[in-house]
Amino acid sequence: MTEEFADRFAAEWLQAWNDRDLARILGHYADSIEFTSPFAQALLGEASGTVVGKPALREYFRIGLSKYPDLHFTLLHALPGVASLTLVYRSVNDLLAAEVMEIDQDAKITRVNAHYRR
């Protein structure tokens, strides 16, 4: 994973979210995605906080976009790793967010662990 890839991927991912374009957002994720977030616990009532598979992720993101109509993300850092990327950004309600994303050979996100702090 290069810094150039991380920067490009982060810019495209954030723009899709800021445009509220669910199809473009989901285009970044693999069909077998495993997505873990405190927001999944809150919005879905899912105790594990984990959403599995693109259809479930689509519903989760749809709910999130409707709950936060003024959603806007501001990128602070895109940190490349080995087959992974961590995005640090300002999220809803001005939360500081960090998402650790595992990325496959097709440049699709296969696993996410999301973290937030006021």
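Each remark here, short or long, concerns the structure printed above.
This is a predicted model, so every value here is computed, not measured.

Draft legend 1. Seen up close, the packing of aromatic side chains. The tally for this structure, following the rule as stated, stands at 14 aromatic pairs. Measuring from centroid to centroid gives 4.8 Å for Trp-17 and Phe-61, while their planes differ by 75°, and the two rings are edge-to-face. Here the residue Trp-17 occupies a position in helix α1 (residues 3-18), and Phe-61 occupies one in helix α4 (residues 54-67), the gap between them amounting to 44 residues. The pair formed by Trp-17 and Phe-61 is uniform in burial state, with each residue classed as buried. On the numbers, 5.5 Å between centres and 40° between planes, the contact of Tyr-60 with Phe-61 is tilted. Here the aromatic cluster, defined as three or more aromatic residues joined through ring pairs, consists of Trp-13, Trp-17, Tyr-29, Phe-35, Tyr-60, Phe-61, Phe-73 and Tyr-89. Above the plane of the ring of Tyr-68 lies Lys-67, whose end atom (NZ or CZ) is 5.9 Å from the centre.

About the cut-offs
- All residue numbers here refer to positions counted from 1 along the written sequence of the relevant chain.
- Side-chain atom pairs in this predicted model are given and counted only at pLDDT of 80 or more, local residue features only at pLDDT of at least 70, and totals for whole chains, interfaces and linings cover all residues.
- To get the side-chain values, all heavy atoms of the structure are used, and hydrogens and water are removed first.
- Think of it this way: a Phe, Tyr or Trp ring, Trp meaning its six-membered ring, pairs with another when their centres are within 6.5 Å, and the plane angle makes it stacked under 30 degrees, edge-to-face over 60, tilted otherwise.
- Secondary structure is summarised from DSSP: a helix means a run of H or I of at least four residues, a strand means a run of E of at least two, and numbering begins at the N terminus for each.
- Per-residue accessibility, obtained with a 1.4 Å probe over protein chains only, is compared with the maximum for each type, and a residue is labelled buried under 20%, exposed over 50%, and partly exposed between these values.
- Only lysine NZ and arginine CZ atoms are considered, and such an atom sits over a ring when it is within 6 Å of the ring centre and within 35 degrees of the ring normal.

All we've got here are geometric facts, nothing functional implied.
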